Amino acid sequence: MKFEEMLLKRESCRAYADKPVAREDLIKICEAGRLTPSGCNSQPWKFIVIDEPEAKAKFCDALLLEGGVTGAPWRENCPAFIAFVEQKANVMPGVLAVYNDSQRFAQGDIGMASLNMCYQAMELGLSTCILGMVDQKKMEDLFGIPEGQTVRLGLAVGYAKEEKEPRKKIRKPFDEVVCFNEWK
């Protein structure tokens, strides 16, 4: 499948088939994340693959925030997840001197890794949904994540319950988001 076709077809999946995801496929997906470019090649991430029933139940609990709020009410039907834990970025001293913030690029780097992983999953016939709402304290307690290590994202991974035509993408017009050589 060509890249432009992937751009048009990729969408968040919220209904998964009752079919496990092969560990080998999850490894390929994580490898796509591991190979993602990052600011100063800092690779400020650690991925936790969640594919066993006990771990999955814990992660589903961590997707439920205080007050019962969740961005993934369908979470229990998903066969696998990947948690993205932001790591300390080791940036060049010159970059640190300018920005005084070693983590300045980390969230963008993690965003790029998640997208690479979504496209790798798509190539493998899998569907994904990026999850931005995670209870940090629950993640620390349930998965032994050290305090100060921030879980930035989760990625739901599985086979779509049913194959269907992707929705037409609704995006701002090109001229509204792109200009050349000056702000317009």
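Located above this text is the structure these notes cover.
The shown structure was predicted, so the numbers you read here are calculated from the model rather than taken from an experiment. (Residues numbered from 1 in each chain as written. Predicted model: local features only at pLDDT ≥ 70, side-chain atom pairs only at ≥ 80, totals over all residues. Heavy atoms only, no water.)

Caption draft 1: Structural context of the pattern of salt bridges. Applying the stated rule across the entire model yields 9 salt bridges. Put simply, arginine 167 and glutamate 11 hold a salt bridge, and the shortest N to O gap is 3.9 Å. Of this pair, arginine 167 sits in the loop between strand E4 (150-158) and helix H7 (174-177) while glutamate 11 is found in the loop between helix H1 (3-9) and helix H2 (23-34), placing the two residues 156 residues apart along the sequence. Looking at arginine 167, the relative accessible area reads 54%, which means it is exposed. (Salt bridge = Lys/Arg side-chain N within 4 Å of Asp/Glu carboxyl O. Helix = DSSP H or I, 4+ residues; strand = E, 2+ residues; numbered from the N terminus. Buried < 20%, exposed > 50% of the residue type's maximum accessible area, 1.4 Å probe, protein only.)

Caption draft 2: Spotlight on the nonpolar core. Core analysis: the biggest nonpolar cluster contains 21 residues, and Phe59, Trp74, Phe81, Leu131, Met139 and Ala156 have the highest contact counts within it. Sorting elements by how many residues they give to this core places helix H3 (residues 53-62) first, with 4 residues. Residues Met117, Leu153, Leu155 and Tyr159 belong to the second largest nonpolar core, which totals 20 residues. (Core = buried A, V, L, I, M, F, W, Y, C linked by side-chain atoms within 4.5 Å.)

Caption draft 3: Local environment of helix H5 (residues 106-123). Its 18 residues place the ends of H5 26 Å apart at the C-alpha level, agreeing with the 26 Å of an ideal helix rising 1.5 Å per residue. Three or more residues of H5 are buried, namely Ala106, Asp109, Ile110, Ala113, Ser114, Met117, Cys118, Tyr119, Gln120, Ala121 and Met122. Residues of H5 that are buried in the fold lie against H1, H2, strand E1 (45-50), strand E2 (80-86), strand E3 (127-131) and E4. Glycine 125 lies just past H5 and shows a positive phi near 85 degrees. (Expected span 1.5 Å × (residues − 1). Contact = heavy atoms within 4.5 Å.)

Honestly, that's just the spatial picture; any functional story needs more than this.
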